[in-house]
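Here are the chains, one letter per residue:
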Amino acid sequence: MSDYDASQVGQEKGDAAFMRERPYGASYEPTYSGALSFLRTRYTRDLTGADIAVTGIPFDLATTGRSGARFGPRGIRAASTNLAWDWPQGWDFNPLDKLAVIDAGDCVFDPGRPESWLEKMEEHARAILAEDTAMLTLGGDHFITYPLIRAHAAKYGPLSLIHFDAHSDTWEDEEGRIDHGTMFYHAKEQGLIVPERSIQLGLRTHNSKTHGFNMIRAPEFCRMEPDAIAKAVKEKVGDHPAYLTFDIDCLDPVYAPGTGTPCAGGPTTRQVLDVLRALEGVNIIGMDVVEVAPIYDVSEITSLAAATIAYQMLALYAAKHK
């Protein structure tokens, strides 16, 4: 079924994350019960036939402010139960009807061995990509995007970056440091991303160097129409393979208080959802939502925003690839 059918609520076997028989379609399991998976999709490490693997990287050891994003994947999954029965906003189809989506669980690493973190996260991503399964990753602090980009660039070549954030994350740094504010500098220096074919959206903190990245800063972003922002993104990115990363602190803290480095003066949830909807047609090959720290949240509004944004990403991918 594609449309909501109230008669189906509570009629499933329960625990759809483990009990559902097909990797397609919406779930009508009550939001307050059952085993958690993203959008109640099947929870499995078996990638056979999977178009998209949703996976978590519960890592926050690169934060420079408040920690707590290690609980982000769990928080986003829990909030997604409120969305599992419905279509993502603005679309005339449910991507779960078009894509075989699974929840592949979390990346596992030893927090006591920092020398292994990068390798473990990259290996996790490479193993999924090797099966021709795309990734939607739930963070975790924003450093996790660096090993993800390394894995995606190994498969697709140098990438365009579509980067929603309050911060540029391109502050210059010495080689080998782990920091959630410098990884895109390292990625650019290593040729993993192409700055002139990339764009950063919603920035509102100071960095004197752009390193060649295109930008629409928050004051301009908040004044522009979503279609105009999307047009600017498409003009810069073209049909180049693009990695889409959304730091939840791109949103104004009114809409996303549950994050480690909140920054006032950002866009609304409505604005970013409309921009994401207007990006239809961009050649997105990987995506993530990061920096959700549920311990600082209020009534799960940050986790819910992140889950809704991630659902929009699934629709974007489905519109291009299915």
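How each quantity is defined
Residues numbered from 1 in each chain as written. Predicted model: local features only at pLDDT ≥ 70, side-chain atom pairs only at ≥ 80, totals over all residues. Heavy atoms only, no water. Helix = DSSP H or I, 4+ residues; strand = E, 2+ residues; numbered from the N terminus. Rg over C-alpha atoms; globule rule 2.2 N^0.38 Å. Buried < 20%, exposed > 50% of the residue type's maximum accessible area, 1.4 Å probe, protein only. Contact = heavy atoms within 4.5 Å. Areas by Shrake-Rupley, 256 points an atom, 1.4 Å probe, with all protein chains shown as cover. Lys, Arg positive; Asp, Glu negative; His and termini not counted. Charge placed at Lys NZ, Arg CZ, Asp CG, Glu CD. Phe/Tyr/Trp six-rings, centres within 6.5 Å; stacked < 30°, edge-to-face > 60°. Pairing = 2+ DSSP bridges. Axes fitted to C-alpha atoms, helices over the stretch in contact; angles between N-to-C directions. Expected span 1.5 Å × (residues − 1). Salt bridge = Lys/Arg side-chain N within 4 Å of Asp/Glu carboxyl O.

Asks: Provide a residue-level description of the overall build of the protein, including the pertinent values.
Replies: When you go through the protein residue by residue, the secondary structure sums to 10 helices and 9 strands. In terms of overall dimensions, the protein is globule-like: its C-alpha atoms have a radius of gyration of 18 Å, near the 20 Å expected for 322 residues. In terms of overall dimensions, the protein has C-alpha extents of about 55 × 45 × 35 Å along its principal axes. When burial is assessed residue by residue, the protein has 58% of its 322 residues classed as buried. At a minimum sequence separation of 6, the contacts of the protein that also span at least 24 residues come to 74%. Accessible surface, the protein as shown: approximately 12600 Å² in total, 49% of it carbon and sulfur. On the protein, the mean spot of the 30 positive side-chain charges and the mean spot of the 45 negative ones are 2 Å from each other.

Asks: Tell me about unusual backbone geometry, residues and numbers included.
Replies: Note the cis peptide between Gly139 and Gly140, where omega equals 20°. Take Gly140: it is sitting in the loop between strand S4 (134-139) and helix H5 (145-156). The phi dihedral of Asp169 falls on the positive side, at around 55°, and the residue is not glycine. With respect to the helices and strands, the residue Asp169 is situated in the loop between strand S5 (160-164) and helix H6 (183-189).

Asks: Kindly report on the packing of aromatic side chains, identifying the contributing residues and their values.
Replies: In this structure the tally under the stated criterion is 8 aromatic pairs. Ring centres 5.2 Å apart and planes at 70° place the aromatic pair Phe59 and Trp117 in the edge-to-face group. Here the residue Phe59 occupies a position in the loop between strand S2 (52-57) and helix H2 (72-80), and Trp117 occupies one in helix H4 (residues 117-129), the gap between them amounting to 58 residues. For Trp117, a relative accessible area of 9% corresponds to the buried category. Note on Phe143 and Tyr146: the rings are 5.9 Å apart at their centroids and 50° apart in plane angle, and the pair reads as tilted.

Asks: Explain the sheet that holds strand S7 (residues 214-216) to me, and be specific about the residues and the numbers.
Replies: Strand order across the open sheet formed by 9 strands is S1-S3-S2-S4-S9-S8-S5-S6-S7, with parallel pairing between neighbours. Two strands in the sheet have a free side with no partner beyond their single neighbour: strand S1 (42-43) and S7. Summarising the sheet, strand S8 (residues 242-247) and strand S9 (residues 284-290) pair through 6 bridges and their orientation is parallel. What sits directly across from Phe246, in S9, is Val289. Contacts between helix H10 (residues 301-321) and the sheet are confined to S2, S4, S8 and S9, with S9 contributing the most and set at about 180° to the helix.

Asks: Requested: an account of H10, with residues and values cited.
Replies: Count 3.6 residues to each turn of an α-helix, and residues three or four apart come out pointing the same way. The end-to-end C-alpha separation of H10 is 30 Å, in line with the 30 Å expected for 21 residues at 1.5 Å each. Of all 21 residues in H10, 16 are buried, a share of seventy percent or more.

Asks: Residue-level account of the pattern of salt bridges, with values.
Replies: Enumeration according to the criterion identifies 16 salt bridges in this entry. For the salt bridge of Asp110 with Arg113, the shortest nitrogen-to-oxygen distance reads 3.9 Å. We classify Asp110 as partly exposed; its relative accessible area is 39%. Taking the shortest distance from any N to any O, the salt bridge between Glu189 and Lys188 comes out at 2.4 Å. On the basis of relative accessibility, which here comes to 47%, the residue Glu189 falls in the partly exposed class. What you see here is one network of salt bridges that share partners, running through Arg77, Asp103 and Asp106.

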